[in-house]
Structures are given as C-alpha cells and as structure tokens.
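So the chains spell out like this:
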Amino acid sequence: MTVKSTARARKKAAPGVRATAKDAQPELVQLLTPEGERVEHPDFPLTVEADELRALYRDLVLVRRFDAEATSLQRQGELGLWASLLGQEAAQVGSGRAMRPGDYAFPTYREHGVAWCRDVDPLNLLGMFRGVNHGGWDPNEKNFHLYTIVIGAQTLHATGYAMGITKDGADDAVIAYFGDGASSQGDVNEAFTFASVYNSPVVFFCQNNQWAISEPTTTQTKIPLYRRASGFGFPGIRVDGNDVLACLAVTRWALEHARTGNGPVLIEAFTYRMGAHTTSDDPTRYRAADETEAWKAKDPITRLRTLLEKEGLADEEFFASIEAESEQLGLRVREGVRSMPDPDPTLIFDHVYAEPHALVDEERAEYIEYAASFEAGENH
Amino acid sequence: MAGQLSIAKALNGALRKSLESDPKTVLMGEDIGKLGGVFRITDGLQKDFGEDRVIDTPLAESGIVGTAIGLALRGYRPVVEIQFDGFVYPAFDQIVSQLAKMHARALGHVKMPVTVRIPYAGGIGAVEHHSESHEAYFAHTAGLRVVTPSNAHDAHWMLRQAIESDDPVIFLEPKRRYWDKGEVGESADLGLHDARIVRPGADATLIAYGPMVKVCLEAAAAAEEDGRRLEVVDLRSLTPVDFAALEESVKRTGRGIVVHEAPVFLGMGAELAARLTERCFYHLEAPILRVGGYYAPYPPSRVEESFLPDLDRVLDAVDRAFAY
Ligand SMILES: Cc1ncc(C[n+]2csc(CCOP(=O)(O)OP(=O)(O)O)c2C)c(N)n1
Ligand SMILES: [Mg+2]
C-alpha cells in the first residue's frame with residue numbers, strides 16, 4: 001500500500017520523492033565526492049563556471065574563518081557564548097547561495113554561513129553572543145530573520161511568511177532552517193502541516209549534524225529524517241551536507257519547486273557538527289573522537305579545493321589571496337567586537353512596545369532617577 | 001551527609017535517593033543521560049540506574065511533560081527536567097491545562113505525582129531565554145505546587161519531598177546558586193511548604209525566595225552596620241504560601257519588603273503584599289514594598305546587573321520603608 005502510493009506520487013511530483021520509497025536505502029544526493037571528484041546526479045544537473053566555484057570556495061573559507069575567530073573571542077571573554085558552524089559550511093553556503101534576493105531565510109542560532117550569503121555584517125551576529133542585544137539587525141533589510149534560540153519556533157514563522165507570499169501572488173520563497181533535534185518539536189511538525197495544506201512556498205532545510213547537544217539523531221527518529229516529508233505529503237531529499245555543489249543544486253531545485261506553486265520541500269543536509277554544541281559544551285562526555293575523525297575526511301572545504309586544483313581552476317595566487325582576505329576578516333571581527341560598547345542600561349525599556357506604555361515609561365523614569373542618585377552621591 | 005555540598009550536588013543526591021527508594025521513579029529530559037544534564041544535576045545517574053530510568057528524551061518539551069502525565073497514570077513517578085526556564089513554554093498546555101487539572105477532573109481518582117524541575121532566573125551572563133523568572137505563571141495555576149530552594153540543604157530535602165508528593169510540583173532551581181555550597185542535614189527539618197526565617201531581626205522583614213535570599217542576607221548584614229536589624233524570611237514555597245510565618249514576622253517588625261527577580265507587576269510580591277496588608281494592617285509602619293525586575297523582557301546579559309535586584313536596590317527599599 002505504502003509502496004504503491006509512493007510510486008504514484010513519484011510520477012507526479014519531485015525527483016526527490018523517489019527516495020521516500022519505504023524499502024529504499026537512504027539516498028544521498030552528491031555532486032562532489034569527498035575526494036574532490038565531480039559526479040553527476042540525474043535529477044540535479046548542475047553547470048558551474050570556474051568563477052562560481054571559486055566564489056563558493058571563498059565563501060566557505062571566509063565563513064569558517066569568521067567562525068574560528070568568534071570561537072577564540074569567546075575564549076578570550078569577549079563573547080559570552082558561541083555556537084560554531086564548523087563542518088556545516090557547505091550546507092549553509094550551498095543553500096544560502098541558492099536563494100534569490102527576494103527570498104527570505106529563517107535561521108536557528110548557528111546559520112552564520114547563511115547570514116554571510118545574505119550579506120549580513122558578521123559583526124551584527126556577535127551582539128547577542130556578546131550580550132549587548134537579542135538580535136541586532138533589521139530582518140527585513142537582508143531578508144534574514146533574527147536568530148531563534150527556542151528550538152523549532154522559527155519554522156512556523158517561515159511558514160506564515162510563505163503563506164503571505166502566496167496571498168501576495170509573489171514568486172519569492174522561504175527557507176526555514178532547523179536541526180535534527182528540532183525535528184521532534186511540535187512546532188516543526190505543525191509547520192510541516194500548515195505548509196503542506198496551504199501549499200506554501202517554503203523549503204524546510206534540516207541540517208542533520210548528527211547531534212542535538214549530547215543526543216544522537218537516533219534519539220529523535222527511527223527513519224531517515226527526509227522521509228518524514230512523505231507523511232506530510234511533500235517531497236523529502238537527503239543531500240550530502242558537506243558537498244556545497246549538491247546543496248546548491250538541490251536547494252535551487254527546491255526553491256524553484258516551491259515558488260512555482262508546488263508547495264514545500266524538506267531537505268535533509270547530512271552533515272556533522274565538528275565542534276562542541278556551543279562553547280559551554282564538552283562533547284568528550286558523550287561522543288567518540290574517532291567519529292569526529294571519520295567526518296574530517298569528508299571536509300567540505302578540502303574537497304572543493306581538490307577539485308579546483310585538479311581541474312586547474314585556481315592557482316596558488318588565488319588561494320593566497322583568499323588566505324589574506326580571511327586574515328583581514330579575522331582582524332576586522334576581532335577589532336569590531338572588542339570595540340563594541342556596553343549598552344546603556346535604559347535599553348532595558350526600549351522597544352518593549354511599539355506604542356507608548358504607561359508602566360514601562362514610569363519604570364524607565366524611576367530607573368533613571370535611581371541611577372542618578374548614585375552619581376549624585378546621595379545614596380550610600 | 002556531613003560536609004559542604006553544592007546545590008547541584010545536593011540535588012543530584014536527592015535524585016539518586018529517590019531512584020533508589022522507589023522503583024517507580026523515572027527521570028526524563030533532554031541531555032540528562034550521558035551528559036548528566038547541561039548543569040550536571042543528573043550526573044552519573046544513567047550509568048547507575050540505566051537508560052530505562054534515566055531517559056534521554058526527544059527534543060520536545062510538550063512531549064516530555066505530556067508523556068510524564070501518561071507515565072503517572074500508569075503508576076510511575078516521573079521527575080522531568082526542563083533544560084532552561086525559557087524552554088518550558090512549549091509544555092505550557094501540558095502543565096497548566098493537563099497536569100494541573102487531571103486530579104480534579106478525575107474527581108480525585110487519579111494522582112499526578114510529577115515533578116517538573118526547571119533551572120530558573122538570571123545572573124549567569126547567558127543569552128536570551130536562559131534567565132527567566134516565570135514562577136508567577138505557575139503559582140497562578142491552581143493544582144500545581146510551586147517551590148524553590150535557596151540553599152543546599154533545602155535543595156536536597158525539598159526535592160525529595162517534591163518527588164514524594166502525590167501532586168504535581170514545579171520545582172524551580174536557582175541556577176546562579178548551583179555552585180554555592182552548604183551543609184546538608186540528616187533529615188528534612190521543615191515541611192515542603194514551610195517558610196524559614198534565615199536571619200532573625202526586629203526592624204523589618206525581607207521576604208525572598210530562590211536566588212534572592214542570598215542578596216537579602218547580604219543586605220541585612222550591610223544594614224546592621226547602619227543599626228537596622230533586618231529579618232530575612234526564605235519563602236521556599238510559592239504555592240501554598242506559609243502566610244502564618246510571614247504574618248508573624250511582619251506583625252513583629254512592622255515592615256515587609258518582598259524581593260524577587262521577576263517583574264514587580266503582577267509578580268509574587270503583589271499577592272504577598274495584598275494578603276499581608278489585610279492580615280497585618282494595624283501593625284504596619286509602612287506599606288509592604290516590592291523590589292523586583294522591570295516590566296520588560298529580560299535584557300541582554302551586559303545590562304542584566306541593572307535589571308536584577310541587588311543589595312543597593314534592597315537597601316533603597318528599606319530606606320523607603322523607614323521613611324514612612
Ligand atoms: C525549546 C527548546 N528546548 C531546549 C533548548 C536547549 N537547546 C539548545 S540547542 C539544543 C539542541 C538542538 O539540536 P538541533 O536541533 O539538532 O540543532 P543543532 O544545535 O545541532 O544545530 C537544545 C536542546 C532550546 N534552545 N529550546
Ligand atoms: Mg543537530
């Protein structure tokens with residue numbers, strides 16, 4: 001029964017649906033092997049010019065550099081916390097670069113690579129980790145929503161935004177980012193339902209980095225996550241999340257599918273969290289070092305560099321220039337964070353409401369008077 | 001249990017004892033197994049009691065509390081951990097509409113011995129959703145018992161009492177005090193819902209709970225230098241409230257000041273002030289005052305010191321109470 005109806009869906013719908021057949025081995029869309037070999041996939045043909053490949057390489061390297069800088073800034077006490085994207089650069093850059101300017105991204109707290117692709121100043125991302133704000137950018141400026149810490153909540157916001165696009169008759173699309181752990185949340189499953197029944201132009205982009213803090217993906221699911229989509233009535237595709245070309249091609253296809261009125265798509269980017277969950281976490285308590293070692297061989301940057309070198313698409317000069325640029329980025333981030341001023345405490349009362357609110361105004365005045373009493377030396 | 005224990009270790013010991021003494025006790029939560037919880041409160045328990053009794057759940061708070069209700073219906077005694085205060089809201093329906101009401105709806109035929117442990121309140125320099133004081137939401141809901149210890153002894157014994165209770169208990173753990181050490185006595189010296197006078201005094205009563213008890217003790221020590229003897233009462237239980245103890249103290253001192261991290265507006269202090277005013281009106285030298293957070297979202301960590309009541313804010317209120 002299941003197999004038959006899946007087969008029917010296969011004919012009608014997306015290429016990725018093929019992978020939802022019950023007996024199928026999890027299929028992994030891959031266009032660039034860990035060894036740097038370019039391979040073809042019948043459903044996701046991709047032509048990339050040399051300059052595009054070089055641009056993707058640049059993105060990956062700079063994003064990783066930014067992330068490393070943030071990690072060390074946390075160690076130096078400049079940030080309170082950092083959630084590293086190490087290992088997930090390709091999933092984020094590939095999907096991020098698949099977006100058009102009018103598309104909209106709803107991130108978790110780890111999508112620094114997507115922010116980069118949306119041209120959000122990396123320094124803006126650091127405010128909340130330093131503790132000077134809870135967001136710190138205008139989401140509508142770059143169509144990149146605020147980071148959401150409450151697991152899964154943003155998938156509903158993304159879906160609602162996508163419902164609005166449909167009402168407007170526009171051809172934009174939305175990407176909702178979330179993790180393997182988040183897939184268990186009610187909100188995420190409700191987002192799937194809404195997006196499905198309203199045929200909303202939203203791509204659910206799950207970075208399965210194998211871990212939700214200390215819990216392996218097996219704590220969340222018994223079937224490969226991409227197969228969840230079939231129960232909600234839309235296509236699910238598993239892509240090699242460390243392959244920037246596959247992530248680009250599959251996300252482009254999914255966004256096109258969504259924006260042309262075919263409804264949502266679930267992409268499971270199969271990847272790995274190379275670092276700790278955050279700088280507060282100690283992964284040696286729950287996972288084996290050889291697992292991390294094994295994933296190192298699948299590094300997203302190395303394989304693209306191998307391709308560029310092998311095909312003679314980039315020379316030493318190019319790699320050196322990217323290296324220099326990443327040094328500059330590191331320096332800019334370092335200096336930018338160190339010179340970030342502590343906010344005035346009256347920020348507590350800012351923007352609590354869009355319109356005046358008597359109690360907030362009263363408490364702000366009280367606070368100012370109280371703080372001034374110290375300066376005047378009246379108090380203690 | 002001689003020697004100094006941190007609150008974290010005292011809680012860990014209480015969970016261990018509860019698992020040992022009642023085979024129906026099960027722990028559930030995110031990352032509570034191998035990791036031992038993000039605060040290590042369940043450290044080592046899965047290793048010793050197995051994955052059947054110390055359960056790493058899927059990442060879904062509504063699921064955690066909802067299934068704990070089902071386990072309770074089947075005769076188990078679930079103790080669930082919510083990872084941080086700000087992540088309990090996905091379980092809000094299960095807590096306030098289901099857990100709190102089940103006993104009454106079943107005309108007393110079923111019991112809900114579920115303990116929901118939540119690290120709460122601020123002061124640890126965390127990002128958003130990791131510093132909230134939401135006790136009033138739960139205390140406002142009849143059917144739930146809400147308690148919060150301030151020291152290692154109470155942490156241990158109150159948790160054991162909470163787990164033994166046949167009612168649902170919201171057990172709020174003051175996370176910024178997890179590493180504070182204290183003596184844990186050989187037995188519970190108070191009932192779960194009794195308040196404790198932690199510092200006697202004659203001139204005014206500071207009423208606090210959880211993380212603010214320490215602040216009030218510091219304020220009382222500082223006030224002594226000004227010749228003011230402040231009594232500090234650790235409320236411990238937010239519902240039911242030990243009004244008899246509070247009334248006795250406030251009638252004696254003539255002044256009462258409630259201190260909590262949660263916003264003052266519609267916080268615990270509002271209820272305490274109203275009831276104490278009714279009970280102690282003719283003994284009061286001043287209105288019951290409140291010191292707390294502002295009517296604003298918990299701010300970014302670099303300014304949280306300005307949001308949280310501290311020694312100066314408490315003493316400022318003491319001054320105002322004496323100025324009446
Ligand atoms: C509702 C909610 N519950 C718990 C948490 C605490 N928490 C933060 S990240 C995390 C794990 C998330 O795992 P996953 O969705 O796989 O994303 P990843 O961190 O791996 O990118 C948890 C449990 C939270 N932020 N929100
Ligand atoms: Mg994950």
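Here the structure is a predicted model, which means the values were calculated and not measured. (Residues numbered from 1 in each chain as written. Chains lettered and ligands numbered in written order. Predicted model: local features only at pLDDT ≥ 70, side-chain atom pairs only at ≥ 80, totals over all residues. Heavy atoms only, no water.)

## Observations regarding the overall build of chain A
Note the cut-off: Comment: elements are numbered from the N terminus, with helices defined as DSSP H or I runs of at least four residues and strands as E runs of at least two. Only C-alpha atoms enter the radius of gyration; for comparison, a globular chain is expected to reach 2.2 Å times N to the power 0.38, where N is the number of residues. Note on contacts: a residue pair is in contact if any heavy atoms of the two residues lie within 4.5 Å. Note on areas: these come from Shrake-Rupley sampling with a 1.4 Å probe, and a residue is covered only by the protein chains present in the view. Just so you know, the count uses Lys and Arg for positive and Asp and Glu for negative, and it drops His and the chain ends. The atoms used to mark charge sites are NZ of Lys, CZ of Arg, CG of Asp and CD of Glu.
Within chain A one finds 14 helices and 7 strands. Its C-alpha atoms give chain A a radius of gyration of 22 Å, within 12% of the compact-globule value 21 Å for 380 residues. With the principal axes as the frame, chain A shows a C-alpha extent of 80 × 50 × 45 Å. When contacts within chain A are restricted to residue pairs at least 6 apart in sequence, long-range pairs at least 24 apart make up 73% of them. As displayed, chain A has an accessible area near 16200 Å², and 52% of this comes from carbon and sulfur atoms. Across chain A, the centroid of the 38 positively charged side chains sits 10 Å from that of the 57 negatively charged ones.

## Describing the nonpolar core
Rules: Throughout this description, the term nonpolar core refers to a set of buried Ala, Val, Leu, Ile, Met, Phe, Trp, Tyr and Cys residues connected via side-chain atoms within 4.5 Å. Residue burial is assigned from relative accessible area. The probe radius is 1.4 Å, only protein chains are included, and a residue is buried under 20% of its type maximum, exposed over 50%, and partly exposed in between.
With 152 residues, the main nonpolar core has L126 and L304 of chain A as its most contacted residues. For this core, the leading source of residues is helix α10 (residues 244-262) of chain A, giving 11 residues. Apart from residues no more than four positions distant in its own chain, L304 of chain A is found in contact with L32, L53, L56, Y57, L60 and V244 of chain A. In terms of nonpolar packing, the next biggest core, distinct from the first, is built from 22 residues, L230, I257, V291 and V318 of chain B among them.

## Quick look at the side chain of T205 of chain B
The residue T205 of chain B is located in strand β10 (residues 204-208) in this model. Among all residues touching T205 of chain B, those that are not within four sequence positions of it are E231, V233, S249, V250, T253, R255, G256 and I257 of chain B.

## Quick notes on the sheet that holds strand β7 (residues 169-174) of chain B
Residue and element names in this part refer to chain B. Put simply, the rule is: Each pair of strands is called paired provided DSSP finds at least two bridges between the two strands. Helix axes use the C-alpha atoms of the stretch in contact, all axes being lines fitted to C-alpha atoms, and the angles between their N-to-C directions lie in the range 0 to 180 degrees.
With respect to topology, 7 strands assemble into an open sheet ordered β3-β2-β4-β5-β7-β6-β12, the strand pairing being mixed. Either end of the sheet is taken by a strand with one partner, and the two such strands are β3 (54-56) and β12 (237-239). Across this sheet, the average inter-strand angle for adjacent strands is 20°, counted without regard to direction. Bridge analysis of strand β2 (residues 25-29) against β3 gives 3 bridges, and the strand direction is parallel. Within β3, the position partnered with L27 by the bridge is V54. Where helix α3 (residues 61-73) meets the sheet, its contacts fall on β2 and β4 (77-81), and the angle it forms with β4 comes to roughly 170°.

## Section: the sheet that holds strand β14 (residues 289-293) of chain B
Picture the strands of a sheet paired through backbone hydrogen bonds; they go either parallel or antiparallel. All names here are of chain B. Pairing is mixed in the open sheet, where 5 strands are placed in the order β9-β11-β10-β13-β14. For this open sheet the edge positions go to β9 (196-199) and β14, each flanked by a neighbour on one side alone. On average, each strand axis in the sheet is inclined to that of its neighbour by 25°, with strand direction left out of account. Pairing of β10 with strand β13 (residues 256-263) involves 4 bridges; the strand directions are parallel. Paired with I207 across the two strands is V258, which belongs to β13. Strands β9, β10, β11 (230-234) and β13 of the sheet are contacted by helix α9 (residues 243-253), whose axis makes an angle of about 150° with β10.

## Describing the site of ligand 1
As a reminder, the rule being used: Whether a residue is near a molecule or strand is decided by its heavy atoms; if any one of them lies within 4 Å of it, the residue is near. We call two N or O atoms a polar contact when they sit within 3.5 Å, provided that within protein one can donate a hydrogen and the other can accept it, with sequence-adjacent residues counted only if both atoms are side-chain atoms.
Y109, R110, I149 and G181 of chain A together with E61 of chain B are the nearest of the 20 residues found near ligand 1. Taken together, the residues near ligand 1 originate from chains A and B. Between ligand 1 and Y109 of chain A there is a distance of 2.6 Å, counted from an oxygen atom to a side-chain nitrogen or oxygen. Between R110 of chain A and ligand 1, the recorded distance is 2.7 Å, taken from a side-chain N or O atom to an oxygen atom. Isolated, ligand 1 exposes 590 Å² of accessible area, and the fraction of that covered by the protein chains is 95%.

## Overview of the domain arrangement of chain B
All names here are of chain B. For clarity, the cut-off: Reported domain spans reflect what an automatic or database domain assignment gives. Note: buried area is the sum, over both parts, of the accessible area (probe 1.4 Å) each one loses when the two are combined. In what follows, salt bridge is the name for a side-chain nitrogen of Lys or Arg lying within 4 Å of a carboxyl oxygen of Asp or Glu. The residue classification treats Ala, Val, Leu, Ile, Met, Phe, Trp, Tyr, Cys and Pro as nonpolar and Asp, Glu, Lys and Arg as charged. All others, Gly included, are polar.
In terms of domain boundaries, chain B breaks down into domain 1 (4-183) and domain 2 (196-323). Of note, the centres of domain 1 and domain 2, computed from C-alpha atoms alone, are 26 Å apart. Taken together, the contact between domain 1 and domain 2 spans 28 residues of the former and 24 residues of the latter. Across the domain 1/domain 2 interface, buried area totals approximately 1900 Å², and carbon plus sulfur atoms make up 51% of it. Counting the surface domain 1 buries against domain 2, the share from its top three residues, E135, R176 and R177, is 22%. Our count for the contact surface shared by domain 1 and domain 2 stands at 4 salt bridges. Counting every contact that joins domain 1 to domain 2 gives 13 residue pairs in polar contact (both at pLDDT 80 or more). When the residues that make up the side of domain 1 that touches domain 2 are grouped by side-chain class, the tally is 13 nonpolar, 9 polar and 6 charged.

## Focus on the coordination of the magnesium ion (ligand 2)
Applied cut-off: Metal-coordinating donors are taken as N, O and S atoms lying within 2.8 Å of the metal, or within 3.2 Å when the metal is Na, K or Ca; because water is left out, some sites can appear incomplete.
For the magnesium ion (ligand 2), the protein coordination sphere consists of D180 of chain A (OD), N209 of chain A (OD1) and W211 of chain A (O), at 2.1 Å. In primary-sequence terms, the residues that donate to the magnesium ion (ligand 2) follow D-x28-N-x1-W.

## With respect to the domain arrangement of chain A
What the domain assignment reports for chain A is domain 1 (2-338) and domain 2 (347-379). Put simply, the middle of domain 1 of chain A and the middle of domain 2 of chain A, counted by C-alpha atoms, are 42 Å apart.

## Thoughts on the pattern of salt bridges
Considering all chains together, one arrives at 47 salt bridges over all chains under this definition. The partner of D350 of chain A in a salt bridge is R364 of chain A, with the nearest N and O atoms 3.0 Å apart. Separated by 14 residues along the polypeptide, D350 of chain A in the loop between α13 (316-338) and α14 (358-375) and R364 of chain A in helix α14 bring together distant segments of the chain. For D350 of chain A, a relative accessible area of 35% corresponds to the partly exposed category. Of the charged contacts in the structure, one is a salt bridge between E248 of chain B and R252 of chain B, with a shortest N-O distance of 2.7 Å. Within this pair, E248 of chain B and its partner R252 of chain B are both found in helix α9, separated by 4 residues, close to a single helical turn. Bridged by salt links that share partners, the residues R65, E69, E327 and R334 of chain A form one connected network.

## Quick word on helix α12 (residues 311-323) of chain B
As a reminder of what qualifies: Helix span, as expected, comes to 1.5 Å for every residue beyond the first.
Taking 1.5 Å as the rise per residue, α12 of chain B with 13 residues should run 18 Å; its terminal C-alpha atoms sit 18 Å apart, in good agreement. Regarding α12 of chain B, the residues found buried are R313, V314, L315, D316, A317, V318 and A321 of chain B.

## Regarding a nonpolar patch on the surface
Residue and element names in this part refer to chain A. Using the following cut-off: Residues form patches when they are more than 30% accessible in relative terms and have no salt bridge. Like charges link within 9 Å. Nonpolar side chains (Val, Leu, Ile, Met, Phe, Trp, Tyr) link within 5 Å.
A surface patch of nonpolar side chains, amounting to about 320 Å² of accessible area, comprises F194, V197 and Y198. Within the secondary structure, V197 sits in helix α8 (residues 186-197). For V197, a relative accessible area of 60% puts it in the exposed group.

## Describing the pairing of β11 of chain B
All names here are of chain B. Across the 5 residues that make up β11, a large majority, 5, are buried. Judged by which residues are buried, β11 turns out to be covered on both faces: L230, V232 and D234 on one side and E231 and V233 on the other are all buried. When β9 meets β11, the two strands line up antiparallel, connected through 3 bridges. Across the sheet, the residue bridging to R196 is D234, located in β11. Two strands pair when backbone bridges link them, and β10 and β11 are joined in this way by 5 bridges, in the parallel orientation. Opposite I207, over in β11, you have V233 as the bridge partner.

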